[in-house]
Amino acid sequence: MSKIKKPLYLTSNGIIQRKDNTIFFINKEIKQAIPIHSINEINCEAKVTIKSGAASYLMKEGIIINFFNKYGYYEGSLYPRIQFNSGLVVVNQSAHYIDKQKRQYLAKEIVEGIRFNILTTLKYYSKKGKDLNIYINNIEKENIKGDINQIMSSEGRIWQNYYQSFNTIVKNFEMGKREIRPPTTELNALISFGNSLLYTTTLSEIYHTYLHPSISYLHEPSERRFSLALDLADIFKPIIVSRIIFKLINTNQITKKDFTTNIGVLLNQKGKQKFIQEYQKKMDTTIKHPNLNKKVSYRYLIRLEGYKLIKHVLNDKKYESFKMWW
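Computed from a predicted structure; not experimentally measured. (Residues numbered from 1 in each chain as written. Predicted model: local features only at pLDDT ≥ 70, side-chain atom pairs only at ≥ 80, totals over all residues. Heavy atoms only, no water.)

*Asks:* I'd love a proper account of the packing of aromatic side chains, names of residues and values included.
*Replies:* All told, the structure shown has 16 aromatic pairs when counted by the stated rule. When the centroid spacing of 5.2 Å and the interplanar angle of 75° are considered together, the rings of Tyr-79 and Tyr-207 count as edge-to-face. Here Tyr-79, found in the loop between strand 8 (74-78) and helix 2 (87-98), pairs with Tyr-207, found in helix 6 (residues 186-207); they are 128 residues apart in sequence, far enough to count as distant. You can call Tyr-207 buried: its relative accessible area is 2%. For the ring pair Phe-193 and Phe-275, a centre distance of 5.5 Å and an interplane angle of 90° mean the geometry is edge-to-face. Placement of Phe-193 in helix 6 and of Phe-275 in helix 9 (residues 269-284) is noted, with a sequence separation of 82 residues between them. By relative accessible area, Phe-193 is classed as buried at 2%. Among the residues examined, Phe-275 registers a relative accessible area of 0% and is labelled buried. The structure contains a cluster of three or more aromatic residues connected by ring pairs, namely Tyr-124, Tyr-125, Trp-159, Tyr-162, Tyr-163, Phe-166 and Phe-246. The ring centre of Tyr-57 lies 4.3 Å from the NZ or CZ of Arg-18, which sits over that ring. The lysine or arginine in question, Lys-237, covers the ring of Trp-159, its NZ or CZ lying 5.6 Å from the ring centre. (Phe/Tyr/Trp six-rings, centres within 6.5 Å; stacked < 30°, edge-to-face > 60°. Helix = DSSP H or I, 4+ residues; strand = E, 2+ residues; numbered from the N terminus. Buried < 20%, exposed > 50% of the residue type's maximum accessible area, 1.4 Å probe, protein only. Lys NZ or Arg CZ within 6 Å of the ring centre and 35° of its normal.)

Take a look at the structure:
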């Protein structure tokens, strides 16, 4: 059985370089060998320079390198040559984007998954005594229908209601308006940072399927981003990113001391490390899958979403977005 590979997060400035067949991360404090056969991606959360020899070797090993700016936003990736090629999948994936009705079905189903997982999260905290009925009712009555713009408008209203519920769920922090460039509150900073982590995880999981990451259905495909990762990541935000935020705040693991307020409000290095540690723990957590009849990790659930999408575009099985069952 092959060893499970994990992501590597670099939260301090430095240089990645190669010496013979070893890759090192180097800065003023450390010179650390990177275990390339144990990792599947490198996430640069600080200013990291990659020497050409190291980049070439990492690409050959199929390791994605993701870059984030000082605000914690994803900026881009060094993406290895696609390992899994299927012209049939890509052609059919494209056909489902071009055909208006086929695209609308997938976009609507993705938003239905988002809504279901948001409602499941809100009802969980409602049972714990949080007064969330107004948000639950608003989200339940949202009618997801129409063209892509109408579907995205419904999605926007669902997220707006959900984010406002954070003021009731968490303590000691105020949500305010959802703002991202830069975040103006601690909760906005946590949401943006967590969403960026989930986006790159989703991109990495798509890389291990036959799907093309630039052909999407809810978000408009763009030359500058892998928009399918945006589609699939949104489904999992309520059960991964939000749950991590609620836990970190309500158990006082994250406090005001974990942020800086230079330009906007940002997680400092210590705050990022706390979030990443909890994020990795969450992604490695396994749950019993009702259809596969075996335990799978949260990370693998994302890859399974890609497999379901492949079956749909190949007309093997109609796509149903992931919906929490526990």
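*Asks:* So what's going on with the nonpolar core? Residues and values would help.
*Replies:* Within the largest apolar cluster, 81 residues are counted, with the highest numbers of intra-cluster contacts made by Leu-122, Tyr-162, Phe-236, Ile-240, Ile-245, Phe-275 and Tyr-279. Ranked by the residues each element gives to this core, the list is headed by helix 6, at 11 residues. Residues Leu-8, Ile-34, Cys-44 and Ala-55 belong to the second largest nonpolar core, which totals 18 residues. (Core = buried A, V, L, I, M, F, W, Y, C linked by side-chain atoms within 4.5 Å.)

*Asks:* Outline the sheet that holds strand 2 (residues 14-19), supporting the account with residue identities and numerical values.
*Replies:* Sheet architecture is open: four strands sit in the order 4-3-2-6, paired in mixed fashion. Each edge of the sheet is formed by a strand with only one pairing partner; in this case those strands are strand 4 (31-34) and strand 6 (48-50). On average, each strand axis in the sheet is tilted by 30° relative to the strand beside it, whichever way the strands run. Alignment of strand 2 against strand 3 (residues 22-26), held across five bridges, turns out to be antiparallel. (Pairing = 2+ DSSP bridges. Axes fitted to C-alpha atoms, helices over the stretch in contact; angles between N-to-C directions.)

*Asks:* Provide a residue-level description of the packing of helix 2 against helix 10 (residues 298-313), including the pertinent values.
*Replies:* The relative placement of two packed helices comes down to the angle between their axes together with the axis-to-axis distance. Across the interface, helix 2 lies against helix 10 with an axial gap of 9 Å and an inter-helix angle of 80°. Judged by the inter-axis angle, helix 2 sits roughly perpendicular to helix 10. Taken together, the residues of helix 10 that come into contact with helix 2 (itself represented by Val-89, Asn-92, Gln-93 and His-96) are Ile-310, His-312 and Val-313. Tallied by class, the residues present in the contact of helix 2 with helix 10 amount to three nonpolar, four polar and no charged. (Parallel < 35°, antiparallel > 145°, perpendicular 65-115°, else oblique. Contact = heavy atoms within 4.5 Å. Nonpolar A, V, L, I, M, F, W, Y, C, P; charged D, E, K, R; others polar.)

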